[in-house]
Amino acid sequence: MSHPFPSGAHARENAPSLAWLGRLIDATTPDEVGELIVELAEAQPGCSKATVLWTASDGGCLHSIPPAAPSADRLAQAHAALAAADGLQLSPADPSHLAFCLLQQERVVLLVALVTGADAKAWLTLVEPGLQLAARHLHHAMKLADLYDSHSQLEHSENLQSALFAISDLASSELDMPEMLQSIHRIVSTLMYGENFFIVRHDAERRTMRFLYYADIKDQDVPDTTRELPLEDRQHTLTWHLLTSGMPLMGNNEQLLEQVNGPLILSGPDSDDWLGVPILREGQVHGALVVQSYDKGNVYSHDDLALLEFVGSHILTALERKQSKERLEDSVRKRTQELAQANHDLQHNIVELQRAERLQAALFQLAQLATADIDENEFYNRVHTVVGALLNAENFFIALLADDHETLEFPYFVDGTERYRDRRTLGRGLTEYVLRRGQSLRAGLPDIIELERQGQVSLKGMGNPALCWLGVPLMVGDEVTGLVAVQSYTEAVVYSIADQELLSFAALQIANSIHRRRAAASLHQANLQLEHRVEERTLELRQQIAQREQIQRQLKHQVMHDSLTALPNRGFLRDRIERVLALIQRHPDRRCALLYLDVDRFKVINDSLGHLAGDAFLKAIASRLQRCVREPDMVARLAGDEFAILLEDIDFPAAAINVAQRVLATLGMPLKIAGKELEPSVSVGIACGNAHYVDADELLRDADIALYRAKELGRKRYVVFDETLAKGMVDVLAMEGELRQALQHDQFQPHFQPICRLGDGRIVGYEALIRWNHPQHGLLKPCEFLKVAEDSGLIEAIDWRMFELSCSLLSRHGVKDTFMTFNVSALHLRHPDFDARLIRMVEAIGLPPSRLVAEVTEGALLDNPEIVRATLDRLRQVGVGAALDDFGTGYSSLSYLHSLPLRMLKIDKAFVHELDKAGNTNSTTVVAAILALAHALNIQVIAEGIETQAQHDALMAMGCEMGQGYLLGHPAPIEYWLEPHSQTA
């Protein structure tokens, strides 16, 4: 900053008024200070008009107070004042017009128009004290404005980063899907007006869509969020256009109608502003995010659009992670239910087993009675005791048929209501009914009365009838020999089918015991068989239990391990990191390290050799990684071609570096896959864990940041995380915001590098190259911002702006017989409508298509050769030519020359730079061969990177037609090449 003002007593005499000074002190913005400077100047006698002007370094006008576009003469006078030693510039044509430098470094000038006859220097002497104070105050106000702007950008970046972290955390939270979607809604609402918000998922293969979440204060027709619906059901609606076109939509109904291709069906209440962005991954639409406003005061901007697009990819990742987690939890829940049912069945089996064991014990006791050395009364008493252990046998008797089959004998009879009897003649009682049929009978009093009514039994002389009666015949072979019976005279005791089964089993053993002499051997064999069946069942149950336990172990292993490599997965790794960090919290002197690895160029291997070869490649990588660590260190596969190594206890960070070096060396050894010999490599990010880390995600994040830096530096290397890397990531976010601002404020401009005819040096064409006029950092080259633009998804919009500006400038200013080449990336060529869009733009500008040449690289050709060839054919049909850039450095350069509609090829500068060096025979031979082949195919040749006269002469001698390079001209604005001296190199 400079202050070209005099000082001294004379200055004090002309001091401004105290009121003006007070207002100057209160002014905080550059515009307020500028208005006070204009007021001070115009208040002095002799001044008719004053203007404060902020100029640009390229000669333009950035801003003025009051707002007005200065004439070219006045603008030139302002720049002359900035360059003058005393900061004053009087107009030679009009002495009443003067320009005075207020701030040289900030390029601020005061333009004054005096009344006719006024003395400029005398007038300047009058205003000098106030201008000196105001210039200083203006300097501070501009610095303060810059600080406010930087703070605002930083605050915006922090808010965005916090929102992204919050979205990422939701995927691993315990919230269910509706709660998670509500949380996402709240997060989006912190970034923009989002009271009315919905999320749509799209399945391109099945052509279906589903409203995952829908919140609208006016729409009463809320879509069903629980089911998918065919995409055609919403045909021509805004959501349909958004999902099918993959392009964002923004504005009111009239503006939206202009943006869609085809008819538009509006559904729901009319909104004052509507913003929808597709959720994209690798060019495919996976869903959409929509916000809308019913309030005219809430209108969405392009910043909101870009922000929603950026947030959308993170929301998609969070949704997919949450859905994967829910699917896993659902699988675990179903398996748990299956296991619960199996356990229920097992418990039931155990009850049955216990019942069988109890019955077995009773039968065993009865079997012992068959050979016990006891009298008959004791035998029946013990039989009663055994039966009483199986069921209620308070009233119990045994009846046997006498040998004459005419009499019933009662060797044992216990009844609370009837007296004991030892025998009676056969009649028609319940006992005889069972003996006649040879089947068990379980009957209540109504059943007994019904049997009497039917004439099956007669109760006369049978004593007091029981409320429940159970009798089972005693069988020896097929012959009925007697009966065992229990009966109840109270409603509290009712016999069940289970009791009937138990008594039937007991009756069989009782019959066998009674006839023990005859059936001792058979009874013993039956017991052995019964025991064997019980043992088999027990063994079977144990085997089932062991099998279920094995299945549970396998399920746990599958959940926590990668199915391809059998390595622990991300969940397993996070659990292990959490345990290690918890141990470090208890022992702060411990250290751990996490190595985050990404296999370099795995997509090329996968696409070239196929997925099966890619899987074999990943298995080999996993095997080699395991050989690089020792117990208890762990290798895990995180996803795709990403791996991690956890070193649980290290003494110094150098130990982690040693492991990284060992990994790079081990993986760098040649590997044969699918008949091809590959040399794998990885990029490694290292984060050293200490007591400052309390969460596994923090350690994973820092290792990932270091990995990102390693890949930026050229891959096949390692980088250790430090705080500068974290700051670098924040700087990237800041540059992304600045790039969006640059698009909005049109800060990009094309520079043109001439393409000359080598024979006479005349300019025959130009190559359009992008430059960024950064408001703080000046003119930036592509290498300083293109990587961030590509990663943030802004590169396509920037390219299209460059195409439009370059074609417009060439159409307005370029010589009519010159052509222009412009670089087209593989990203553009993936769009099937690229050629149509380019042709529409050229027609709207009015530039003849024959003056355009699209430059493509061999990498773009490899991406999808058939689509690229068809696109270039369509462009050639309307006159737009094609040039193959960097020829000779790609994968199979010669194979493209005969198959592509090429108008030109550009020899890579690597060959040109070798032409003026000793022993350049190989480069000379290659260039000569390229020229001969191109001439044979009628393709024009341009040599790139000509920097010396020797290179120029060598190319001329070999018959090269055209060239470009610093020897012939540096890239410059189009106006530079319009000057007469610029038409020849």
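Undergrad: Sorry if this is basic, but what is going on with the overall build of the chain here?
TA: Assigned secondary structure in the chain consists of 31 helices and 33 strands. Expected size for 985 residues packed as a compact globule is a radius of gyration near 30 Å; at 48 Å, the chain overshoots this value by more than 25%. Expressed as lengths along the three principal axes of its C-alpha atoms, the size of the chain is roughly 160 × 80 × 65 Å. Taken across its 985 residues, the chain has 45% of its residues classed as buried. Long-range contacts, defined as pairs at least 24 residues apart, comprise 62% of the intrachain contacts of the chain with a sequence gap of at least 6. Taking the 91 positively charged and 133 negatively charged side chains of the chain as two groups, their mean positions are separated by 5 Å.

Undergrad: Help me understand the side chain of Ser681, please; the structure alone is not making it clear to me.
TA: Within the fold, Ser681 resides in the loop between β22 (676-678) and β23 (682-689). Overall, Ser681 belongs to the buried group, its relative accessible area being 15%. Of the polar contacts made by the side chain of Ser681, one reaches the side chain of Asp600; its length is 2.9 Å. Aside from chain neighbours lying at most four places away, what touches Ser681 is Asp598, Val599, Asp600 and Lys716.

Undergrad: How should the sheet that holds strand β5 (residues 108-114) be read in this particular structure?
TA: Across a sheet, strands are paired by hydrogen bonds formed along the backbone, either parallel or antiparallel in direction. One open sheet holds the 5 strands; their spatial order is β2-β1-β5-β4-β3, and the pairing between them is antiparallel. The sheet terminates laterally at β2 (61-65) and β3 (88-90), the two strands that pair on one side only. Averaged over all adjacent pairs, the angle separating strand axes in this sheet is 25 degrees, with direction ignored. As judged from the 7 bridges shared by strand β1 (residues 47-55) and β5, these two strands associate in the antiparallel manner. Pairing of Leu53 across the sheet is with Val109, part of β5. Of the strands in this sheet, β1, β2, β4 (97-103) and β5 are in contact with helix α3 (residues 30-43), which crosses β1 at around 155 degrees. On top of the sheet, helix α4 (residues 72-83) reaches β1, β2, β3, β4 and β5; it is set at about 50 degrees to β4, its chief contact.

Undergrad: Teacher, can you tell me more about helix α30 (residues 949-957) here?
TA: Every buried residue belonging to α30 is among Gln951, His952 and Leu955, and all of these are buried. For α30, the buried positions fall inside an angular range of 100 degrees around the axis, keeping them on one side. Those residues of α30 that are buried lie in contact with α28 (909-912), α29 (921-936) and β32 (940-943). Residue Gly959 follows α30 closely and has a positive phi angle near 90 degrees.

Undergrad: What should I look at first to understand the nonpolar core in this one?
TA: Formed by 55 residues in total, the largest nonpolar core has its most connected members in Phe752, Phe834, Leu838, Leu852, Leu905, Ile907 and Leu955. Those residues in contact with Leu852, other than ones at most four positions away along the chain, are Cys807, Met820, Phe822, Val842, Leu847, Gly879, Val880, Gly881 and Arg903. Listed in part, the 33 residues of the second largest apolar core include Ala27, Leu36, Ala50 and Leu103.

Undergrad: I would appreciate a short explanation of the sheet that holds strand β19 (residues 634-639) in the present structure.
TA: Spatial strand order, β19-β20-β18-β23-β24: 5 strands in an open sheet with mixed pairing. Each edge of the open sheet is held by one strand with a lone partner, namely β19 and β24 (718-720). Across the sheet, the mean angle from the axis of one strand to that of its neighbour is 20 degrees, orientation sign disregarded. Pairing analysis gives 3 bridges linking β23 to β24, with the strands arranged parallel.

Undergrad: Teacher, can you tell me more about the pairing of β32 here?
TA: Moving residue by residue along a regular strand, the side chains alternate between the two faces of the sheet. Sheet topology places strand β31 (residues 904-907) next to β32; 4 bridges connect them, and they run parallel. Looking across to β32, one finds that Ile907 is bridged to Ala943. With 2 bridges connecting them, β32 and strand β33 (residues 962-963) associate as parallel partners. Directly across from Ala943, in β33, lies its bridge partner Gly963. One crossover worth recording links β32 to the parallel β33 by way of α30, and it is right-handed.

Undergrad: Explain the confidence of the model for the chain here, please?
TA: Detailed reading of the predicted coordinates is not advisable wherever pLDDT is low. With 92% of its residues at a pLDDT of at least 70, the chain reaches an overall mean of 84. By mean pLDDT, the top-scoring element of the chain is β33 (95), and the lowest-scoring one is helix α1 (residues 9-13) (42). Predicted confidence is poor over residues 1-14, with pLDDT under 50, and the contacts of this stretch with residues over four places away or in other chains come to 31 contacts.

Undergrad: Can you walk me through the pattern of salt bridges in this structure?
TA: Pairs can form between side chains of opposite charge once their charged atoms are near each other. If you walk through the whole model with that rule in mind, you get 33 salt bridges. Among the salt bridges present, the one from Glu540 reaches Arg537, with a minimum N-O distance of 3.4 Å. With Glu540 and Arg537 both in helix α14 (residues 516-560), this residue pair falls 3 residues apart, about one helical turn. For Glu540, a relative accessible area of 36% puts it in the partly exposed group.

Undergrad: How do you make sense of the packing of helix α16 (residues 602-609) against helix α17 (residues 611-626) when you look at a structure like this?
TA: Working note: a packed helix pair is described by the angle between its axes plus the distance between those axes. Axis separation between α16 and α17 bottoms out at 6 Å; the angle between their running directions is 140 degrees. For the element pair α16 / α17, the angle class is oblique. Residues Phe602, Ile605, Asn606 and Leu609 of α16 form the contact with α17, whose participating residues are His611, Ala613, Gly614, Phe617 and Leu618. When its residues are assigned to classes, the contact of α16 with α17 shows 6 nonpolar, 3 polar and no charged.

Undergrad: Whenever I open this one, helix α18 (residues 653-667) confuses me. Can you help?
TA: Spacing of three or four residues puts side chains on the same side of an α-helix, whose turn is 3.6 residues. A rise of 1.5 Å per residue sets the reference length of α18, with its 15 residues, at 21 Å; its end C-alpha atoms lie 21 Å apart and thus fit the reference within 8%. For α18, every residue scored as buried is listed here: Ala656, Val659, Ala660, Val663, Thr666 and Leu667. Taken down its axis, α18 places every buried residue within 130 degrees of arc, on the same side. Buried positions along α18 lie against β18 (592-599), α17, β20 (642-647), β23 and β24.

Undergrad: Even after reading the chapter, I still don't get the environment of Ile795, so can you show me in this structure?
TA: Tracing the backbone through its elements, the reader meets Ile795 in helix α22 (residues 795-813). Since its relative accessible area comes to 9%, Ile795 is described here as buried. For the pair formed by Ile795 and Phe785, sequence separation is 10 residues and the distance between their alpha carbons is 9.9 Å.

Undergrad: Help me understand the packing of aromatic side chains, please; the structure alone is not making it clear to me.
TA: Within a pair of aromatic rings, the relevant descriptors are the distance that separates the centres and the angle that separates the planes. In the structure shown here, the tally under the stated rule is 19 aromatic pairs. Ring centres of Phe397 and Phe413 lie 5.4 Å apart, and the angle between their planes is 25 degrees; this geometry places the pair in the stacked category. Of this pair, Phe397 sits in strand β12 (residues 396-401) while Phe413 sits in strand β13 (residues 407-414); the two residues are 16 residues apart in sequence, bridging distant segments of the chain. With respect to class, Phe397 is no different from Phe413; both count as buried. Every member of this aromatic cluster is reached through a ring pair, and the members are Phe379, Tyr380, Phe396 and Tyr412. Just above the ring of Trp800 sits the side chain of Arg837; from NZ or CZ to the centre is 4.1 Å.

Undergrad: Would you mind showing me how to read the pairing of strand β25 (residues 748-757) here?
TA: Of all the 10 residues making up β25, 8 are buried; the element is thus mostly covered by neighbouring parts of the structure. Summarising the sheet, β25 and strand β26 (residues 763-774) pair through 9 bridges and their orientation is antiparallel. Across the sheet, residue Phe748 finds its bridge partner in β26, namely Trp772. Counted between consecutive antiparallel strands, the loop separating β25 from β26 contains 5 residues, among which Gly761 sits at a positive phi close to 75 degrees.

Undergrad: I keep staring at the state of the cysteines and nothing clicks. Help me out?
TA: In a disulfide, the sulfur atoms of two cysteines are covalently bonded to one another. Scanning the model with the defined rule gives 0 disulfides in all. Of all cysteine sulfurs in the structure, the one in Cys688 sits closest to Cys592, which takes part in no disulfide; the separation is 8.2 Å. Under the relative-accessibility criterion, Cys592 is labelled buried at 1%. Cys688 provides the cysteine sulfur closest to Cys628, a residue in no disulfide bond, and the two sulfurs are 18 Å apart.

Undergrad: Hey, could you run me through the environment of Leu794 in this one?
TA: When you line up the elements, Leu794 lands in the loop between α21 (786-792) and α22. Sequence spacing of Leu794 and Ser683 is 111 residues, and the spatial spacing of their C-alpha atoms is 26 Å. Those residues within four positions of Leu794 in sequence are excluded, and the remaining contacts are Glu736, Leu739, Arg740, Leu743 and Ala789.

Undergrad: What should I look at first to understand the packing of α22 against helix α24 (residues 834-845) in this one?
TA: At a minimum axis distance of 10 Å, the contact between α22 and α24 shows a crossing angle of 35 degrees. Crossing angle aside, the handedness with which α22 passes α24 is right-handed. Within the contact between the two elements, α22 uses Trp800, Phe803, Glu804, Cys807, Ser808 and Ser811 and α24 uses Phe834, Arg837, Leu838, Met841 and Ile845. Considered class by class, the residues forming the contact of α22 with α24 number 7 nonpolar, 2 polar and 2 charged.

Undergrad: Mind showing me how you'd approach a negative patch on the surface here?
TA: On the surface, a cluster of negative charge is made up of Glu254, Glu258, Asp270, Asp272 and Asp295. Note on placement: Asp295 falls in the loop between β11 (284-293) and α9 (302-371).

What counts, and at which threshold
- Residues numbered from 1 in each chain as written.
- Predicted model: local features only at pLDDT ≥ 70, side-chain atom pairs only at ≥ 80, totals over all residues.
- Heavy atoms only, no water.
- Helix = DSSP H or I, 4+ residues; strand = E, 2+ residues; numbered from the N terminus.
- Rg over C-alpha atoms; globule rule 2.2 N^0.38 Å.
- Buried < 20%, exposed > 50% of the residue type's maximum accessible area, 1.4 Å probe, protein only.
- Contact = heavy atoms within 4.5 Å.
- Lys, Arg positive; Asp, Glu negative; His and termini not counted.
- Charge placed at Lys NZ, Arg CZ, Asp CG, Glu CD.
- Polar contact = N/O pair within 3.5 Å; in protein donor to acceptor, adjacent residues only side chain to side chain.
- Pairing = 2+ DSSP bridges.
- Axes fitted to C-alpha atoms, helices over the stretch in contact; angles between N-to-C directions.
- Arc of directions from axis to C-beta.
- Core = buried A, V, L, I, M, F, W, Y, C linked by side-chain atoms within 4.5 Å.
- Right-handed = clockwise from strand over helix to strand, strands pointing away.
- pLDDT = per-residue confidence, 0-100.
- Salt bridge = Lys/Arg side-chain N within 4 Å of Asp/Glu carboxyl O.
- Parallel < 35°, antiparallel > 145°, perpendicular 65-115°, else oblique.
- Nonpolar A, V, L, I, M, F, W, Y, C, P; charged D, E, K, R; others polar.
- Expected span 1.5 Å × (residues − 1).
- Phe/Tyr/Trp six-rings, centres within 6.5 Å; stacked < 30°, edge-to-face > 60°.
- Lys NZ or Arg CZ within 6 Å of the ring centre and 35° of its normal.
- Disulfide = S-S within 2.5 Å.
- Left-handed = near helix turned anticlockwise from the far one by under 90°.
- Patch = residues over 30% accessible without salt bridge, like charges linked within 9 Å, V, L, I, M, F, W, Y side chains within 5 Å.
- Areas by Shrake-Rupley, 256 points an atom, 1.4 Å probe, with all protein chains shown as cover.

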